[in-house]
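# Architecture and fold: a report
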Amino acid sequence: MTVAPLRGRVGGPAAVPRAPGDDRPGAVLDDRRDAVALPGLALLVVAAHLVTHRDGVLVGMDVATQFIPWYGWLGEQLATGAIPQWNPSVFAGMPSAGDPLSGWGYLPVMLPFGLLDLAPAVHIYLIAQLLLIAVGTYVLARSLRLPVAAAVAAAVTATFNGFVFQRNMCCVAFVSVEAWIPWLLLGLDRALVTRGVRRVGAWAVAGVALSQIAGGWLGQGTLYVLILATAWLTGRALLAERPWRDRVRTLALNAGVLTLLGLGLSAPVVWPRLQVNPATNLAGGYPGQSITSWHGGWAPTDWIELVRPGIWHVGALPLALAVVALFIARRDRLTWLLGGIVAGALILTLPMVTPLNAPLLALPGVDRVLTHAPQRAVLIAYPTIALLVGVTVARLRVPRVAPRMVAVALIAVLAAELTIANVLEIGRALEAERNPDLLRRIDLASFYEPSAAGAFLQRERDRGRIGRYAAFTPVARDDGSVVSASYFFFWQYPSVQAIEAHNEGMLLGLEHVQGYNPIHVARFDDLITAGNGRGQDHHVANLFPVAFDHGAFDLLNGRWVVLNRSIDHRDPGLVGERMATWPQVFADRRVRVLENPDALPRTWLVHDARRVEPGDALDLITAGDVDPRTTALLTGAPPPLDPDGGGTTQVVGRTTDSLDIAVDASGDALLVVSEIHHPLWRATIDGRPADVVVVDDVLRGVAVPAGRHRIVLHTDDTVLHGGVAVVEPAKLRYMIRSGRVGLLFDGFDERSPA
């Protein structure tokens, strides 16, 4: 084996041969073979998708029960011209644009789901993720002066490793980051070696990529990519063959511009999420995580996962070729930068403080993010391993064998290893009965259609019968208590689909007190915990029989409970004392629906209010010491109320972000709305601003004077529009003139004025 310089046309007809990593400017795609290779890669991606998803789309738990419903719901809203800030369909209501998993701001979600029906949108989205990686890696490799065959090898490795290809079916947030890393690195690299309009275009590419990464996975994914971007920009700038003063000046200029551009383009996504986060169950990061309390992580012996078939797989041959690159291209600065990034990523997977993560862990709050499953840091290694594979394919020479034959052979073996590993792991996941990586084929045309119970609830909604529902499957524990099943690992069961237990209610226009999502409003979780007498995993909030007995369901306007037909709904030991007395209002061979006759309405008036300490209201209500129908518990001074007053309320209009209520009060009263309180919400009385107060630690309330009035509750769009205003100067000027810009820096936390 020998090492030879690259041959072929690079940088245009008059260019001289250059090695990988040469930082002199030139055209990115300048070979006629690019016109064949790029369409060929695209066809390969589409073919792989069609073969993998034949006879139904192949998806895992998260994609089927969390992402597709969220994306479909968001697409429905966008198709009407609305940008929703609130989703009333799950967890009794929760932020929408402020939810990192909602799809808001992520173009591969918003475009297909906003323009197409659900089934084609899912396929377009999954294909688009892979295409972004394949095409982006190829173009990046060509920009780094790798020849066509080497760029193809890099693109194949980056697209079809298990981490990307399999997670595109089970855990798409990871792939939403991987999809844009090549474009980010391309923009950074071209910004360093170009001038004028070309540099502006490079900045734009990098800025858009950063905004999309933030839209796809704001949190760990974005933090690790920022580490990668810093290493890449610094390494490429300081290792260039220029005077040191020019290197530092170039680094400072590009770092400053790209920071501002990235922040600006990300603002419509990042600001709503940062403002909403303080009032959620994951305020500031994962609960219980810190430098002294790590969750997950890899020891060096766990790095073997990179060669085992599975969702961490990159392959033995790609890793071997990446190591070979460090020897046969050891004089190339790019090679050692890539190798350093891979090594750094592996060090970051260790569940301990290291010189690499110590500066970040010292930042307030970052420790609660990076100490959770730090093995996810390896996501920044996959694109760089792919590029190292490309370097080896470009530089490897075998005596008496044509270089092109060597490259073709390596690409064929690479593709074969990755294909076999994916086939083996997908087959294993299809046979699994209960694990997070379980995969199943679903028919998109029927899977999200309403079950018989869902259709019944839709009919009740259309009749004007407002109410929320709960899916309930009792499970006896060893200690004799009964809880509601965690539907995580049983999503594919027809019995679970029949009770609409996950996020399917989003696509049906129904309102659920449960759901599946790591983000909820913290007040809602407090209510569920108080009712159940114990907490749950942060992804879910299921009601147990004791919570139904303690009235937690009543407080949420909980009107219906959906059970499987096999459950004895008259057995108080299974369903609780109260539910055992509720009438059955619908049944078929699979399900039954019970109606809660004691459900509180969506809105009502009270004429008695008491002040309590924060957190005490839920204990008083679930213990039965206070009747929320007649008495409101507040943490502030109660408003003046007429104890002899009466009145009526009626919901006369409803959208995702507003609630229009007609009130007729015979005396001063407090309007209580069975909607989760969040500082995002504002109120007007007959068009005049009014305060929204926290009632019973979890609901919204508005003090209303005697008489007939129209109360409108609506979400405040300041933060969302403020984020958009960063890239829309006219809107920013309007916000400044109207005095609304201040809220952008206050945040929607529980200390903000209601």
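Residues numbered from 1 in each chain as written. Predicted model: local features only at pLDDT ≥ 70, side-chain atom pairs only at ≥ 80, totals over all residues. Heavy atoms only, no water.

## Side note on the overall build of the chain
For the chain, the helix and strand inventory stands at 30 helices and 23 strands. A compact globule built from 754 residues should have a C-alpha radius of gyration of about 27 Å, and the chain, at 28 Å, falls within 12% of that. Along the first, second and third principal axes, the C-alpha atoms of the chain reach 95 × 60 × 45 Å. Buried residues in the chain amount to 58% of all 754 residues. Within the chain, contacts between residues at least 6 apart in sequence are counted, and of these 74% link residues at least 24 apart. Carbon and sulfur atoms form 61% of the exposed surface of the chain, whose accessible area is close to 29,100 Å². Side-chain charges in the chain split into 64 positive and 66 negative, and the spacing between the mean points of these groups amounts to 14 Å. (Helix = DSSP H or I, 4+ residues; strand = E, 2+ residues; numbered from the N terminus. Rg over C-alpha atoms; globule rule 2.2 N^0.38 Å. Buried < 20%, exposed > 50% of the residue type's maximum accessible area, 1.4 Å probe, protein only. Contact = heavy atoms within 4.5 Å. Areas by Shrake-Rupley, 256 points an atom, 1.4 Å probe, with all protein chains shown as cover. Lys, Arg positive; Asp, Glu negative; His and termini not counted. Charge placed at Lys NZ, Arg CZ, Asp CG, Glu CD.)

## Looking at the pattern of salt bridges
The final tally for this structure, using the stated rule, is 26 salt bridges. Here arginine 333 ties to glutamate 241 by a salt bridge, and the two come within 3.2 Å at their closest N and O atoms. Pair noted here: arginine 333 is in helix H14 (residues 333-348) and glutamate 241 is in the loop between helix H11 (220-238) and helix H12 (244-276), with a separation of 92 residues, a long-range link. Note on arginine 333: relative accessible area 31%, which makes it partly exposed. With its nearest N and O atoms 3.7 Å apart, the salt bridge here joins arginine 654 to glutamate 511. Taken together, the residues span a long stretch of sequence, with arginine 654 in strand E16 (residues 647-655) and glutamate 511 in the loop between helix H22 (505-508) and helix H23 (522-532) at a distance of 143 residues. By sharing partners, the salt bridges in this structure join Arg468, Glu511, Arg602, Arg654, Glu675 and Arg700 into a single network. (Salt bridge = Lys/Arg side-chain N within 4 Å of Asp/Glu carboxyl O.)

## Examining the sheet that holds strand E19 (residues 681-685)
Across the sheet, which stays open at both edges, the five strands sit in the order E16-E17-E23-E19-E20 with antiparallel pairing between neighbours. In this open sheet, the two edge strands, each paired with only one partner strand, are E16 and strand E20 (688-690). Ignoring strand direction, the axes of neighbouring strands in this sheet form an average angle of 25°. Pairing analysis gives eight bridges linking strand E17 (residues 658-665) to strand E23 (residues 707-715), with the strands arranged antiparallel. Paired with alanine 662 across the two strands is arginine 710, which belongs to E23. (Pairing = 2+ DSSP bridges. Axes fitted to C-alpha atoms, helices over the stretch in contact; angles between N-to-C directions.)

## Observations regarding the confidence of the model for the chain
The predicted coordinates of low-pLDDT regions are not to be read in fine detail. Overall, the prediction assigns the chain a mean pLDDT of 89, with 91% of residues at 70 or greater. Per-residue pLDDT stays below 50 along residues 1-18; that stretch engages in 34 contacts with residues further than four places along the chain or on separate chains. Below a pLDDT of 50 lies the segment residues 730-749, which in the model reaches 43 contacts outside its immediate sequence neighbourhood of four places, other chains included. (pLDDT = per-residue confidence, 0-100.)

## As for the packing of aromatic side chains
In the structure shown here, the tally under the stated rule is 23 aromatic pairs. Aromatic rings pair up to connect Phe163, Phe174, Trp217, Trp298, Trp312 and Tyr382 into one cluster. Just above the ring of tryptophan 86 sits the side chain of arginine 700; from NZ or CZ to the centre is 5.4 Å. Arginine 700 extends its terminal NZ or CZ atom over the ring of tryptophan 681, reaching a point 3.8 Å from the ring centre. (Phe/Tyr/Trp six-rings, centres within 6.5 Å; stacked < 30°, edge-to-face > 60°. Lys NZ or Arg CZ within 6 Å of the ring centre and 35° of its normal.)

## Topic: the side chain of threonine 371
In this fold, threonine 371 is placed in the loop between helix H16 (367-370) and helix H17 (381-395). Its relative accessible area of 0% is what places threonine 371 among the buried residues. Within polar-contact distance, the side chain of threonine 371 engages the backbone nitrogen of serine 290 at 3.5 Å. When neighbours within four sequence positions are excluded, threonine 371 is seen to be in contact with Gln289, Ser290, Ile291, Ser293, Trp294, His295 and Leu361. (Polar contact = N/O pair within 3.5 Å; in protein donor to acceptor, adjacent residues only side chain to side chain.)

## Observations concerning the nonpolar core
Core analysis: the largest hydrophobic core is formed by 212 residues, its most contacted members being Tyr138 and Trp232. With 13 residues, helix H4 (residues 118-143) is the single largest residue contributor to this core. Other than its neighbours up to four places away in sequence, tryptophan 232 contacts Leu144, Leu185, Leu188, Asp189, Leu334, Leu337, Leu338, Ile341 and Leu387. Leu457, Ala485, Leu508 and Val591 belong to the second-largest nonpolar core, a separate cluster that totals 18 residues. (Core = buried A, V, L, I, M, F, W, Y, C linked by side-chain atoms within 4.5 Å.)

## A few points about the state of the cysteines
Summed over all chains, the structure comprises one disulfide. With its sulfur 2.2 Å from that of its partner, cysteine 170 forms a disulfide with cysteine 171. Taking the sign of the S-S torsion, about -75° here, the bridge from cysteine 170 to cysteine 171 comes out left-handed. Residue cysteine 170 shares its accessibility class with cysteine 171, and that shared class is buried. (Disulfide = S-S within 2.5 Å.)

## Here's the deal with unusual backbone geometry
The backbone phi angle of phenylalanine 91 is positive, close to 50°, even though this residue is not glycine. By secondary structure assignment, the location of phenylalanine 91 is in the loop between strand E3 (86-87) and strand E4 (94-95). Judged by relative accessible area, phenylalanine 91 falls into the buried class, the value being 1%.

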